[in-house]
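If you want the building blocks of each chain, they are given just below.
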Amino acid sequence: MGLLDILLGRTKPVAPDLDQLFALPSAAVTLEAAASFTPTGRGAVCFATVEGAAFEQTHREVQALLDADTDRDGPPVELRRDGYGYSWLVSERTPDQLPLLVNDLHAVNSSMEVNGFGPQLLCSLAGFQDPEGRSLALVYLYKRGTFYPFAPLPGQGQRRDNALELRVKAALGDDLRIEPDLSRWFPVWGAPGL
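Each chain carries its own residue numbering, running from 1 in the direction its sequence is written. A pLDDT threshold of at least 70 governs which residues receive local features in this predicted model, and a stricter bar of 80 or more applies before side-chain atom pairs are shown or counted, although totals over entire chains, interfaces and linings include all residues. Hydrogens and water molecules were not included; the side-chain quantities draw on all heavy atoms of the structure.

A.B. asks: So, the pattern of salt bridges: which residues are in play, and what are the values?
C.D. replies: Salt-bridge detection follows one rule: a side-chain nitrogen of Lys or Arg within 4 Å of a carboxyl oxygen of Asp or Glu. By the definition in use, this model includes nine salt bridges. We note a salt bridge from arginine 144 to glutamate 179, for which the minimum N-O separation is 2.8 Å. Taken together, the residues span a long stretch of sequence, with arginine 144 in the loop between strand S5 (135-141) and strand S6 (146-150) and glutamate 179 in the segment after helix H5 (162-172) at a distance of 35 residues. Only protein chains enter the area calculation, which uses a 1.4 Å probe; residues under 20% of their type maximum are buried, those over 50% are exposed, and those in between are partly exposed. Overall, the relative accessible area of 27% leaves arginine 144 in the partly exposed class. When its relative accessible area of 0% is taken as the criterion, glutamate 179 is described as buried. Residues joined by salt bridges that share partners form a network here, namely Asp130, Glu132, Arg134 and Asp161. Numbering of helices and strands runs from the N terminus; a helix is a DSSP stretch of H or I covering at least four residues, while a strand is a stretch of E covering at least two.

A.B. asks: Just give me the short version of the environment of glycine 41, but keep the residues and values in it.
C.D. replies: Structurally, glycine 41 can be placed in strand S1 (residues 38-48). Classification of glycine 41 by relative accessible area gives buried; the value is 3%. The spatial distance from the C-alpha of glycine 41 to the C-alpha of phenylalanine 128 is 7.9 Å, given a sequence separation of 87 residues. By definition, residues are in contact when any of their heavy atoms lie within 4.5 Å. Setting aside residues no more than four positions away along its own chain, glycine 41 makes contact with Ser91, Glu92, Arg93, Thr94, Pro95, Leu101 and Gly127.

A.B. asks: How would you sum up the packing of aromatic side chains? Please name residues and give values.
C.D. replies: The aromatic pairing rule takes the rings of Phe, Tyr and Trp, using the six-membered ring of Trp, and pairs them if the centres are within 6.5 Å, calling planes under 30 degrees apart stacked, those over 60 edge-to-face and the rest tilted. Under the defined criterion, the tally for this structure stands at three aromatic pairs. An angle of 55° between the planes, with centres 5.1 Å apart, marks the rings of tyrosine 140 and phenylalanine 147 as tilted. Of the residues examined, tyrosine 140 reaches a relative accessible area of 0% and is grouped as buried. Where phenylalanine 150 meets tryptophan 189, the ring centres are 5.2 Å apart and the plane angle is 75°; that geometry is what we call edge-to-face. Remark: tryptophan 189 occurs in the segment after H5 and phenylalanine 150 occurs in strand S6; sequence separation between them is 39 residues.

A.B. asks: Break down the packing of helix H2 (residues 24-35) against H5 for me, citing the residues and quoting the values.
C.D. replies: Every angle, taken between N-to-C directions, lies between 0 and 180 degrees, and every axis is a line fitted to C-alpha atoms, over only the stretch in contact when it is a helix. It is the contact of H2 with H5, at a shortest axis distance of 10 Å, that shows an interaxial angle of 125°. Taken together, the axes of H2 and H5 are oblique relative to one another. Considering how the two elements wind past one another, H2 and H5 form a crossing that is right-handed. On the side of H2, the interface is formed by Ala27, Thr30, Leu31 and Ala34, while H5 contributes Val168, Ala171 and Leu172. Three classes are used: nonpolar for Ala, Val, Leu, Ile, Met, Phe, Trp, Tyr, Cys and Pro, charged for Asp, Glu, Lys and Arg, and polar for all others, with Gly counted as polar. Here the contact of H2 with H5 is composed, by residue class, of six nonpolar, one polar and no charged. Each angle is binned into one of four classes, with values under 35 degrees roughly parallel, values over 145 roughly antiparallel, values of 65 to 115 roughly perpendicular, and all other values oblique. Take the far helix as your reference; a near helix turned counterclockwise from it by less than a right angle gives a left-handed crossing, and one turned clockwise gives a right-handed crossing.

A.B. asks: Give a description of the side chain of serine 91 that names residues and reports values.
C.D. replies: Inspection of the secondary structure puts serine 91 in strand S3 (residues 86-92). Polar contact is the term for a pair of N or O atoms within 3.5 Å; when the atoms are in protein, one must be able to donate a hydrogen and the other to accept it, and sequence-neighboring residues count only if both atoms are side-chain atoms. A polar atom in the side chain of serine 91 sits 2.6 Å from the side chain of aspartate 104.

A.B. asks: How would you sum up unusual backbone geometry? Please name residues and give values.
C.D. replies: The phi torsion at serine 36 lies on the positive side, around 65°, for a residue other than glycine. Structurally, serine 36 can be placed in the loop between H2 and S1. Owing to a relative accessible area of 40%, serine 36 belongs among the partly exposed residues under this scheme.

So, in structure tokens, the structure goes:
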């Protein structure tokens, strides 16, 4: 960063730090103690859909790598597209296997990054639920290197539980690098893995 950048207020984008994903299991302990949310065992990586043989080969390699895991009890890793045209690679584990789910999410992100598809990576999420059945996702923004909570309200319509999201933000501030810019807490309506 040069002097002109400093004077004009330009900043360098934060580099992704995929190792931040490994903080999720300890954050889950804090989340359960503070708000009674426990892991669902579901998670997903979202990326902009790319056409072409190189991307298809990377997708097949990632899926084969994760499906080869002999400890996997749930369904195989699955590729889904949402209503907005984004692709999601979804992994399901048992709720007590959050560290293995985090390994899956890290492996998907790392493989795509190594194969030149890092710019297409958007976010990763891990799903949580409370005893009342409310859903919560901890979303990792790949391009920002930060997390934020997303809590959709049950029922029809696309509404969020903003109070819960802010409570989770306060509770996890010491466990995760939380995105400070609330305008970047994008809704992930209908996200597989939530």
